[in-house]
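Here is what each chain is made of, one letter per residue.
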Protein chains: 8
Amino acid sequence: MSFVDLGFARVDTDRHQRCGFPEVVFGAGKTPEEVVGIAAVLVEAHGLFLASRVTAAHYEALSAVFPEARWHERARCMSIERIPLPRRGGTVGVICAGTSDLPVAEEAVVTLEFFGNRVLRVNDVGVAGIHRLLAVRDKLEACSVLVVVAGMEGALPSAVAGLTSKPIVAVPTSVGYGASFGGLAALLGMLNSCGSGVTVVNIDNGFGAAYAAAQINRLVPEDAPLP
Amino acid sequence: MSFVDLGFARVDTDRHQRCGFPEVVFGAGKTPEEVVGIAAVLVEAHGLFLASRVTAAHYEALSAVFPEARWHERARCMSIERIPLPRRGGTVGVICAGTSDLPVAEEAVVTLEFFGNRVLRVNDVGVAGIHRLLAVRDKLEACSVLVVVAGMEGALPSAVAGLTSKPIVAVPTSVGYGASFGGLAALLGMLNSCGSGVTVVNIDNGFGAAYAAAQINRLVPEDAPLP
Amino acid sequence: MSFVDLGFARVDTDRHQRCGFPEVVFGAGKTPEEVVGIAAVLVEAHGLFLASRVTAAHYEALSAVFPEARWHERARCMSIERIPLPRRGGTVGVICAGTSDLPVAEEAVVTLEFFGNRVLRVNDVGVAGIHRLLAVRDKLEACSVLVVVAGMEGALPSAVAGLTSKPIVAVPTSVGYGASFGGLAALLGMLNSCGSGVTVVNIDNGFGAAYAAAQINRLVPEDAPLP
Amino acid sequence: MSFVDLGFARVDTDRHQRCGFPEVVFGAGKTPEEVVGIAAVLVEAHGLFLASRVTAAHYEALSAVFPEARWHERARCMSIERIPLPRRGGTVGVICAGTSDLPVAEEAVVTLEFFGNRVLRVNDVGVAGIHRLLAVRDKLEACSVLVVVAGMEGALPSAVAGLTSKPIVAVPTSVGYGASFGGLAALLGMLNSCGSGVTVVNIDNGFGAAYAAAQINRLVPEDAPLP
Amino acid sequence: MSFVDLGFARVDTDRHQRCGFPEVVFGAGKTPEEVVGIAAVLVEAHGLFLASRVTAAHYEALSAVFPEARWHERARCMSIERIPLPRRGGTVGVICAGTSDLPVAEEAVVTLEFFGNRVLRVNDVGVAGIHRLLAVRDKLEACSVLVVVAGMEGALPSAVAGLTSKPIVAVPTSVGYGASFGGLAALLGMLNSCGSGVTVVNIDNGFGAAYAAAQINRLVPEDAPLP
Amino acid sequence: MSFVDLGFARVDTDRHQRCGFPEVVFGAGKTPEEVVGIAAVLVEAHGLFLASRVTAAHYEALSAVFPEARWHERARCMSIERIPLPRRGGTVGVICAGTSDLPVAEEAVVTLEFFGNRVLRVNDVGVAGIHRLLAVRDKLEACSVLVVVAGMEGALPSAVAGLTSKPIVAVPTSVGYGASFGGLAALLGMLNSCGSGVTVVNIDNGFGAAYAAAQINRLVPEDAPLP
Amino acid sequence: MSFVDLGFARVDTDRHQRCGFPEVVFGAGKTPEEVVGIAAVLVEAHGLFLASRVTAAHYEALSAVFPEARWHERARCMSIERIPLPRRGGTVGVICAGTSDLPVAEEAVVTLEFFGNRVLRVNDVGVAGIHRLLAVRDKLEACSVLVVVAGMEGALPSAVAGLTSKPIVAVPTSVGYGASFGGLAALLGMLNSCGSGVTVVNIDNGFGAAYAAAQINRLVPEDAPLP
Amino acid sequence: MSFVDLGFARVDTDRHQRCGFPEVVFGAGKTPEEVVGIAAVLVEAHGLFLASRVTAAHYEALSAVFPEARWHERARCMSIERIPLPRRGGTVGVICAGTSDLPVAEEAVVTLEFFGNRVLRVNDVGVAGIHRLLAVRDKLEACSVLVVVAGMEGALPSAVAGLTSKPIVAVPTSVGYGASFGGLAALLGMLNSCGSGVTVVNIDNGFGAAYAAAQINRLVPEDAPLP
């Protein structure tokens, strides 16, 4: 199993083979130079590069070396796709409870599309107006897996779980008044969901939810129906 | 403003006048003898007595002195009503998410009826099967105030708040798997409800919710319509 | 049941009909453009708009389109009232423990007045000088419902509950020294109040308390006496 | 959408149609009589019944009415399968870090088999002896989805995620010394996994993980290869 | 500085000289034999022995050796006073919010009297009936120091601090509904008291509060007036 | 009992009479104008004013109106002493574990001197070099009361308590590495002190500790010996 | 690398070779039969067996098969030593703050001796009587590594660290009043120690501390001096 | 035992003698002037000075007085080595899970080298690509002690502990998504490690880990083999 040792990083060039997707870089706490160094290894190995939690300074350094690099501002991601991953069958739904949760949903969408998935986006269908959710129920059921993003009390995954039969990956966000405690309330809400089968990722971790959904969607036959 | 000093307790016989309802005794941590002593003062003053969080031992001691005392087992309450409080107009809805939440809902119902309120009970309408809730929406709207009891993620108050215009007092319960942390998840869920106007009481505190609902229902004209 | 789909938001134009009050926008995490887009839908539907947790940048964008928009700086709210809601009977008391809690109390007052309620304000009556509270007891009893705002240990709702018979909606604030933990101490204090009937909203959530109080005050006959 | 109202419960007989699996009963906090009453409705509707978190007393009451009921002691479950669910293609791996985690893994296995899934069990492969995990790597990769159960620091899902390409549902358990805080350490560990794509359910919630895995395994074609 | 080494304990026979009071034994987690062994050293050294958090088994073992030992059941303490400490001037007030807090108040009273202090006891004067507290204000002001015991939201010290000029040692108790979290709510409430000068000891630690009050009362001249 | 109603504040001009010290203003969250308004009332009533947790902006506004106002920068306090409080007998020790804790110790010293107390300062005597503490033991014993300030694990009060007989008011500070959690570690350490008689105030609350110490020192006869 | 697969356990018979010590069994949550099954494998492989956190029922089952098994009651351990590990040079000090911490210290001592280490025990030298610690300072300095066990505020490791130059492994215990929160206070205290070089293990984890100390002591030359 | 009293600090010039290493200054919360003042004493006493958690402002002040001072930017340390400590035998491994953890690892390396240790650095060998760790196993086993730095779930120490026989000092970092809660997840993970013998220091406390490792490495004979 291979890796490239840069001193400050051992880039796992074997991961694509082993896990099905190339390594994605977590940018927070890394210098722009370090991120560019890692990018060079990954582009060389796979023709592909994705980093989450990066800033404009990271992007500036990257695009100086790789002019084709793309900046996904609201998602705080940047990507290079010289050899895009093949398009997959099936559709991944990304549902979001409120407009304030959009940056996290964006991180999920950017990741899913980078991994070759078709995405259905449904925004602002929180449980305070349940008719908005009921109106899209058939579309959700036609997806193969659903990423559900919500802050505050994080109740949306429970409601979705009660209306469809598809796997749900829930993402708590840090949106809310004081006692949301930076997303803890939504996290606990989702972990305690009365809707069976809801699984949960870290607070604001749109990337992680997308990765799990991409793994699940890969199980679906190529000719799964469209929503 | 009066009180009766028993040494171990200063019974607040003025509270009925000041706050509109007689003092209710919190039984936990008090000996049976102490509870009976306080009961004697309150029955003498108002012809009324209610205690929450009591055990069979408390009831045994009370009924030895006051044979008319009633034991509300599942609600862990006991009461004496020599001079019942007058029946009020309006209806208080007590809605409960799951069968496991019934003991807390019972505490609320016993308290509400002791305070003279008509109660509408709706059990087991959690958000995992939202059609069960939609089926009773008109009945809920016809109440003057709603007590909503739920454990796990505590999402029911949000859903109810999105379907009616009535004040909602939410009660988190300690029902749930490990990370409910004794009801903390439901408590935080309700405090962060995206459904506007939800107010919250302590975990498993059916009594407190009922007290608040009784205060609210007292504002309603006597001839409020039935649900 | 209707809504307007803006892509980034599904504005719940049915809520006024269903819940009795139009949707109020939570501004945090939304761009100025998004807030203005939502405002346009709500003003069109109801002639009314209120947003909480907004910044000067949000207001600037709104007033460029709606010159009649008002900026409530200390409350961090902005509003448009082309067709004001009808004035209600009854009075809502907004009581605040200390001067440092004023921004949260302001959010409650702005919301209550937007919803058509008469408000009685009583500031700085914390329990460290209980005579200040005793001096206004009769005025509080003449209200139909009380919003009580306090930081630090959050003891004021307990004291008020012991002096009046009216429903109390308690708002913990994040004011305090280190171990207030951003309002957690006040929140727990209020949830554990020995004063029966106190219900609680999220930390610093003046809006939520006002919404609940407005729902309660709507139960009062139009000719309720003035405090 | 149908349900059966028993007063103390509204049994959701529509869920099988809507969500793909019949309702499973959470036994904790329900009396034996209540559980049997619900069982009667579900057996009538689907010929199927499963309850988690039950005691010997629950089983005794159930088997008195339904002699064919089975008692899964270590998993704390009981079941009735008059009309078993059809056997599914694909295999679900249930991997467990230590022998002390077995009761939770058992709950997952019972649930998965009830839902018609073939299960591969791998016990006691914690990261302190990583060679035990490497020895089964190919078997894990041949599954369609993996349930990974671990207490203490909950590191096993991270290690598994680095070795396979399959979706992982992680279950933290309450096994450990003092600062595991009833499974909180394992829960946080799994939520923060550096292994991409790990999703998490509640502490000790073998049922929830199994339900999610069954939803995912349903996406797999019937002729998926055996591990 | 002296001590006696018993192997399982090094009894600090110098503490009386150094700190003004003899060592008091914390009984929890010690076997009856260990406690008796320590008692023998302390009785030999000072003619005095006090242990807190002991059970009937501890007392049985002690009284078999020291028949004059006293058992303070509700306070969970036992004591031997062959050579009682001298009686002090000044009076220590022990005020308690509710009858359920009595065991903790008892621990404080037993300790204070063992240390030679005159004690004024005032029970059940919680803030929900503030007139009960106002009625004893002059008596409290005549004490030299006040121990204030309260559970639930722990608001009593704040109210007392606003009515008197004397030092207040506050003791939170574990009495309360779910979100008291074993006394955490009262503890945080007291630490955040808006009543200046309130100092706090550990949850249910009546002994610690009494020790501090005894140190403070020792500063008072012998002829301080009686309350 | 008197107060002055400024609308935004009810200044408690009776507190000096009732509690022995004039009201001290908590500046955080108050505008400079509000603080100056309150100052005007207190200076008029008592010739005295002290505010904690203020910024340069507060001081600028105050000194524009009261040129004699003093700015205590490191303590974040400001004061006016037209009619200083009388000098008291006895000495209050202010002991601080490390140089990083100095701002909190300063707040205590400023408050104590404002209230008329003689102060003995001992800095940087943490338990990692216990000989530094042993060197000042006699000076500490000669004080009437000790304020002990420490961050990190907050062990200093335990060590001091084992070496002297005087009351100790412990102040945890927010100084420390990550798992000090903003002073929580020191706070819990002090609350759990094995040194009997340690009482505790809020994190970084030098003012509160000083107030309590001033109340205690007031019990001491005027001719108490000097340290 | 070898292991033995028992189905419910994969016993890591390679660990002795890899890590220097044979696997030690964590008994909690395992049935007596499972523990005995694992013991058989380990005795066969190494002639050695140690289990922590076991009950009398575990011991009964073990001694029925292995009559030479020893029961360490207070330490909650059991062991078999057919081929004892070689005796090591150097001495490990096990220092304990109070008598109530003895069970945890015992677990450390049993483990250390099983691993072939000479142990120096020093009990009951908490910081409240620092002279007891100063009296043994030279003995501690003569050890190669120190295990320091303390509950409550956990201050003892800081004091020891300031007096010696040897590595310290600190063990927090769950001994204490309410706000010790099951040992959390001591844990945080030790993690925040101002005494440089203190490292910490889990609450009540005497075994883990002993294991670390045994690893460290193995670095010492065989002829290290005696304390 | 000596110290130098600067008023704001009592510099412990005896510590080198007592504990084997000179005092290291914790810079956070100290002014540049204070740090320089302390440096002057320590350089005078030992010809050595090291400070952690300092800013550029601290360094500027120091280098103005001591031009030979070195600035370790990423480690946030500064040092003066007029009389360097003697070079030690043995090697300390510093292993780090991800590139984002480098600043904490740097603090450890700077400290270890200042104390005279040879350091082996291994970066970016997190458990998500376990082959990177297996590739360096022999090098790690050749060290005398290992400092293992990891954020997120903190699983690396468990994996290392299962592969080597050397003492491990684990350092949790604050790197991670929301529910890392500033490093709490990694801290709890390490404290609950299933890998026996892992000991833990405070979050981000590279200095503390290095200090402990230096104490351990000092036990090793001078001629220990190189890795």
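Okay, so let's go over this structure. (Residues numbered from 1 in each chain as written. Chains lettered and ligands numbered in written order. Predicted model: local features only at pLDDT ≥ 70, side-chain atom pairs only at ≥ 80, totals over all residues. Heavy atoms only, no water.)

A few points about the sheet that holds strand S6 (residues 77-81) of chain F
Strand pairing in a sheet relies on backbone hydrogen bonds. The paired strands run either parallel or antiparallel.
Residue and element names in this part refer to chain F.
Then, in step 1: The mixed open sheet is built from 4 strands, whose spatial order is S3-S4-S6-S5. Lying at the two open borders of the sheet, with one neighbouring strand each, are strand S3 (25-26) and strand S5 (70-72).
Then, in step 2: Sheet topology places S3 next to strand S4 (residues 48-52); 2 bridges connect them, and they run parallel. Across the sheet, Phe26 pairs through a bridge with Ser52, a residue of S4.
Then, in step 3: Its contacts with the sheet place helix H2 (residues 32-46) against S3, S4 and S6, and it is angled at close to 145° to S4.
Then, in step 4: Each of S4, S5 and S6 is contacted by helix H4 (residues 102-114), which is oriented at about 165° to S4, the strand it contacts most. (Pairing = 2+ DSSP bridges. Helix = DSSP H or I, 4+ residues; strand = E, 2+ residues; numbered from the N terminus. Contact = heavy atoms within 4.5 Å. Axes fitted to C-alpha atoms, helices over the stretch in contact; angles between N-to-C directions.)

A short note on the relation of the copies chain A and chain D
Then, in step 1: Mapping chain A onto chain D calls for a rotation angle of 180° and an axial translation of 0.0 Å; the resulting RMSD is 0.0 Å. Seen this way, the second copy is the image of the first under a two-fold rotation axis. Residues of chain A ranked by C-alpha distance from the rotation axis are headed by Val200(A), positioned 2.5 Å from it.
Then, in step 2: Comparing interface residues between copies, 100% of those in chain A also lie at the interface in chain D; the contact surface is shared. (Least-squares fit on C-alpha atoms with pLDDT ≥ 70 in both.)

Regarding the packing of helix H4 (residues 102-114) of chain H against helix H9 (residues 206-217) of chain H
All names here are of chain H.
Then, in step 1: The geometry of H4 relative to H9 is characterised by a closest axis approach of 7 Å and an angle of 40° between their N-to-C directions. Here H9 runs oblique to H4, going by the angle between their axes. Here the hand of the crossing between H4 and H9 comes out right-handed. Along the contact surface, H4 presents Val104, Glu107, Ala108, Thr111 and Leu112, while H9 presents Gly206, Phe207, Ala210, Tyr211, Ala213 and Ala214. (Parallel < 35°, antiparallel > 145°, perpendicular 65-115°, else oblique. Left-handed = near helix turned anticlockwise from the far one by under 90°.)

As for the relation of the copies chain H and chain F
Then, in step 1: Once turned by 90° and shifted 0.0 Å along the axis, chain H lies on chain F with an RMSD of 0.0 Å. Interpreted geometrically, this transformation is the action of a four-fold axis. Of every C-alpha in chain H, the one belonging to Phe181(H) sits nearest the axis of rotation, 7.1 Å from it.
Then, in step 2: Taken as a fraction of all interface residues of chain H, those also at the interface in chain F reach only 3%, which identifies the copy contact as different-surface.

Some thoughts on helix H9 (residues 206-217) of chain C
The α-helix advances 3.6 residues per turn, and as a result positions three or four apart in sequence lie on the same side.
All names here are of chain C.
Then, in step 1: Helix length check: H9 (12 residues) gives 16 Å between terminal C-alpha atoms against 16 Å at 1.5 Å per residue, within 8%.
Then, in step 2: Counting buried positions along H9 yields 12 of 12 residues, so the element is predominantly enclosed.
Then, in step 3: Among all positions of H9, only Gly206, Phe207, Gly208, Ala209, Ala210, Tyr211, Ala212, Ala213, Ala214, Gln215, Ile216 and Asn217 are buried. (Expected span 1.5 Å × (residues − 1). Buried < 20%, exposed > 50% of the residue type's maximum accessible area, 1.4 Å probe, protein only.)

Notes on the interface of chain H and chain F
Then, in step 1: Listed per partner, the contact involves 29 residues of chain H and 22 residues of chain F.
Then, in step 2: For the pair chain H and chain F, the summed buried surface comes to about 1,900 Å²; carbon and sulfur atoms form 56% of the total.
Then, in step 3: Seen at the junction of chain H and chain F, the total is 1 salt bridge.
Then, in step 4: Taking the shortest distance from any N to any O, the salt bridge between Glu34(H) and Arg74(F) comes out at 2.6 Å.
Then, in step 5: Run the count over chain H and chain F and you get 13 residue pairs in polar contact (both at pLDDT 80 or more).
Then, in step 6: Residue assignment for the side of chain H that touches chain F shows that the elements contributing at least two residues are strand S2 (10-11), helix H1 (15-19) and helix H8 (184-191) of chain H.
Then, in step 7: In terms of residue class, the side of chain H that touches chain F is built from 12 nonpolar, 7 polar and 10 charged. (Buried area = accessible area lost by both parts, 1.4 Å probe. Salt bridge = Lys/Arg side-chain N within 4 Å of Asp/Glu carboxyl O. Polar contact = N/O pair within 3.5 Å; in protein donor to acceptor, adjacent residues only side chain to side chain. Nonpolar A, V, L, I, M, F, W, Y, C, P; charged D, E, K, R; others polar.)

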